[in-house]
Amino acid sequence: KEVDMWQLIWAMHKELKEEYVFAPGNVAQSGRLQEWINRINTLKTLQVRVSDSVRDGKKIVVFRIHFSSDMRIFAAFRNPKLIEKLTDKEKDVLDVCAQWISENIRKDMPNFLKIKKVHDGIVENTTYTKPYHYTPELILEGKGVCSAYTTACQLLLHMLKIDCRYAHGEVSTTNTETHAWNMVDVNGEWYHMDSTWDD
């Protein structure tokens, strides 16, 4: 079932576990699985593969996930035991974000002002630059496209304990194109926030 696969992915993400083994004949071999994988693999945040294999003389189905640097950074932020699994560049992202927060955010600030500070900090210190899709390039080099702007805002706001979601869909400009932006909880009300287009 699709929901079961999502639950599996998020359970694996919590530990940055990249391989899960199924016995043949269960959900891993369902007829809808390949369609689901194809849809998941349009995302830039993770890539999924399923393959038949033999281990200890037994047939198995191996489910493998490659997590992007963004997914790895978010997992380690939520579970500090995973920091040792990060690359030096990924660790630097968390350090730079923590430093920026300590220099720009006061604990007694209202959430609206914290959100505005994060938004403005991203806009003022970043240049829209293709093909940089990920948070490390945006936080460490000031370069990125909408997906990087969106995940960087999300990471900083999560570090401030403010709920912020990643939204994406089609937008109409001169052409129809895909785009990403944030949904942010401001004192119980949800607002769209688009740091890319505000830049």
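In the block above lies the structure referred to throughout.
Cut-offs applied
Residues numbered from 1 in each chain as written. Predicted model: local features only at pLDDT ≥ 70, side-chain atom pairs only at ≥ 80, totals over all residues. Heavy atoms only, no water. Axes fitted to C-alpha atoms, helices over the stretch in contact; angles between N-to-C directions. Helix = DSSP H or I, 4+ residues; strand = E, 2+ residues; numbered from the N terminus. Left-handed = near helix turned anticlockwise from the far one by under 90°. Contact = heavy atoms within 4.5 Å. Nonpolar A, V, L, I, M, F, W, Y, C, P; charged D, E, K, R; others polar. Pairing = 2+ DSSP bridges. Parallel < 35°, antiparallel > 145°, perpendicular 65-115°, else oblique. 1 Å grid on protein atoms, 1.4 Å probe; cavity = no way out; pocket = protein on both sides within 12 Å on 5 of 7 lines; lining within 4 Å. Points joined across faces, edges and corners; volume = space filled by probe spheres on them.

## A closer look at the packing of helix α5 (residues 111–125) against helix α7 (residues 146–159)
Their axes nearest at 10 Å, the elements α5 and α7 cross at an angle of 145°. Judged by the twist between their axes, the crossing of α5 over α7 is right-handed. Touching Ile 115, Val 118 and Ile 122 of α5 are Tyr 149, Ala 152, Cys 153, Leu 156 and Leu 157, all from α7. Residue classes in the contact of α5 with α7 are distributed as 8 nonpolar, no polar and no charged.

## Side note on the sheet that holds strand β8 (residues 189–193)
With antiparallel pairing, the 3 strands of this open sheet are ordered in space as β6-β7-β8. Looking along the sheet, the strands with just one partner apiece sit at the ends: β6 (164–172) and β8. Ignoring which end each strand starts from, the neighbouring axes of this sheet average 35° apart. When β6 meets strand β7 (residues 176–186), the two strands line up antiparallel, connected through 9 bridges. Looking at β7, one finds that Arg 165 is bridged to Met 183. Strand contacts of α5: β7 and β8, with the helix running at about 150° to β7, the strand carrying the most contacts. Sheet strands touched by α7: β6, β7 and β8. Its angle to β7, the strand with the most contacts, is close to 10°.

## Structural notes on the packing of helix α3 (residues 69–78) against helix α4 (residues 88–104)
Where α3 contacts α4, the two axes come as close as 10 Å, and the packing angle between them is 55°. Classified by the interaxial angle, the pair formed by α3 and α4 is oblique. Every pair of crossing elements has a handedness; the one defined by α3 and α4 is right-handed. Taken together, the residues of α4 that come into contact with α3 (itself represented by Ser 69, Arg 72, Ile 73, Ala 76 and Phe 77) are Glu 90, Val 93 and Leu 94. Here the contact of α3 with α4 is built from residues that sort into 5 nonpolar, 1 polar and 2 charged.

## Details of the side chain of Glu 137
Note on placement: Glu 137 falls in helix α6 (residues 135–141). Those residues in contact with Glu 137 that sit more than four places away from it in its chain are Lys 89, Tyr 132, Gly 142 and Lys 143.

## Considerations on the layout of surface pockets
Of the pockets and cavities examined, the largest pocket occupies roughly 950 Å³. Every residue lining the largest pocket is counted, 31 residues in all, and those nearest its centre are Leu 43, Thr 45, Ser 147, Tyr 166 and His 168. Elements with a minimum of two residues in the lining of the largest pocket: α1 (2–15), α3, α7, β6, β7 and α8 (195–198). For the lining of the largest pocket, the element with the highest residue contribution is α7, accounting for 5 residues. When the residues that make up the lining of the largest pocket are grouped by side-chain class, the tally is 13 nonpolar, 13 polar and 5 charged. Counted as a void, the second largest pocket has a volume near 190 Å³.

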